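Architecture and fold: a report
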Amino acid sequence: EAEVAQSPRYKITEKSQAVAFWCDPISGHATLYWYRQILGQGPELLVQFQDESVVDDSQLPKDRFSAERLKGVDSTLKIQPAELGDSAMYLCASSLDPRTGYTNTEAFFGQGTRLTVV
Amino acid sequence: AQSVSQHNHHVILSEAASLELGCNYSYGGTVNLFWYVQYPGQHLQLLLKYFSGDPLVKGIKGFEAEFIKSKFSFNLRKPSVQWSDTAEYFCAVNAYSGAGSYQLTFGKGTKLSVIP
């Protein structure tokens, strides 16, 4: 069964350092999401891609966070510099593009990257 | 912007008790609705989904949900819970957000603890 791949699974970094997360969505999924999940809360959307284009990054702290999906396939989320408050689970998900007529917009999630900033 | 509200933060039940978790959303247009489950230490998994048709949808592990359009609700139910249902449950809504894109929004989640 196809899965969304994320790496690393765990990352510990010191504050003010740079950190990057990688995501490989399910093949053929044009939509890619990055969510942040703080313990005990629901996932919050950071950025959404359709192919290589960002369609929503309104909740992305752009002074320190960046995301790219250069070839419309895999994606990287970067934090520089990391702050203590960035400690959370970072989730990547992918789905088919609903704009192309697909009615099944189920999002498939990866295992996530648990970030601890010390 | 659309939002999703889950009524209960933490629900504690004994095994064999019935479960109902509330979910309301704020969006007036066409929506796709989901319930996801997150077992301890695992990633989010889809329990069930609604796109159109019969408003009563059945998912995995005996869960079902009912879409009531007039109430903007999509409540999750299970007639008899098991200890293995202990997990966190998230309601999610996918809706058109403008500018040609759709947005998938999650509720804050409900933690379910089932006591053997």
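This one's a predicted model, so the numbers in the text were calculated from it and none came from an experiment.

All names here are of chain A. Following the criterion strictly, the structure yields two disulfides over all chains and no others. Disulfide partner of Cys23: Cys92, at an S-S distance of 1.9 Å. Because the torsion about its S-S bond is -65 degrees, the bridge between Cys23 and Cys92 counts as left-handed. Of this pair, Cys23 sits in strand β3 (residues 19–24) while Cys92 sits in strand β9 (residues 88–95); the two residues are 69 residues apart in sequence, bridging distant segments of the chain.

The interface of chain A with chain B comprises 22 residues on the first partner and 21 residues on the second. Taken together, both faces of the contact between chain A and chain B bury some 1,800 Å²; the carbon and sulfur share is 50%. Among the residues chain A hides against chain B, the three largest losses belong to Thr105, Glu106 and Phe109 of chain A. Together they make up 24% of the total. The tally of links from chain A across to chain B stands at one salt bridge.

Take unusual backbone geometry next. Residues and elements named next belong to chain A. A cis amide bond links Ser7 with the next residue in sequence, Pro8, at an omega value of -5 degrees. Mapped onto the fold, Pro8 is located in the loop between β1 (5–7) and β2 (10–13). In this structure, Ser16 takes a positive phi of about 80 degrees despite not being glycine. Its place among the elements puts Ser16 in the loop between β2 and β3.

Cut-offs used in this document
- Residues numbered from 1 in each chain as written.
- Chains lettered and ligands numbered in written order.
- Predicted model: local features only at pLDDT ≥ 70, side-chain atom pairs only at ≥ 80, totals over all residues.
- Heavy atoms only, no water.
- Disulfide = S-S within 2.5 Å.
- Helix = DSSP H or I, 4+ residues; strand = E, 2+ residues; numbered from the N terminus.
- Contact = heavy atoms within 4.5 Å.
- Buried area = accessible area lost by both parts, 1.4 Å probe.
- Salt bridge = Lys/Arg side-chain N within 4 Å of Asp/Glu carboxyl O.

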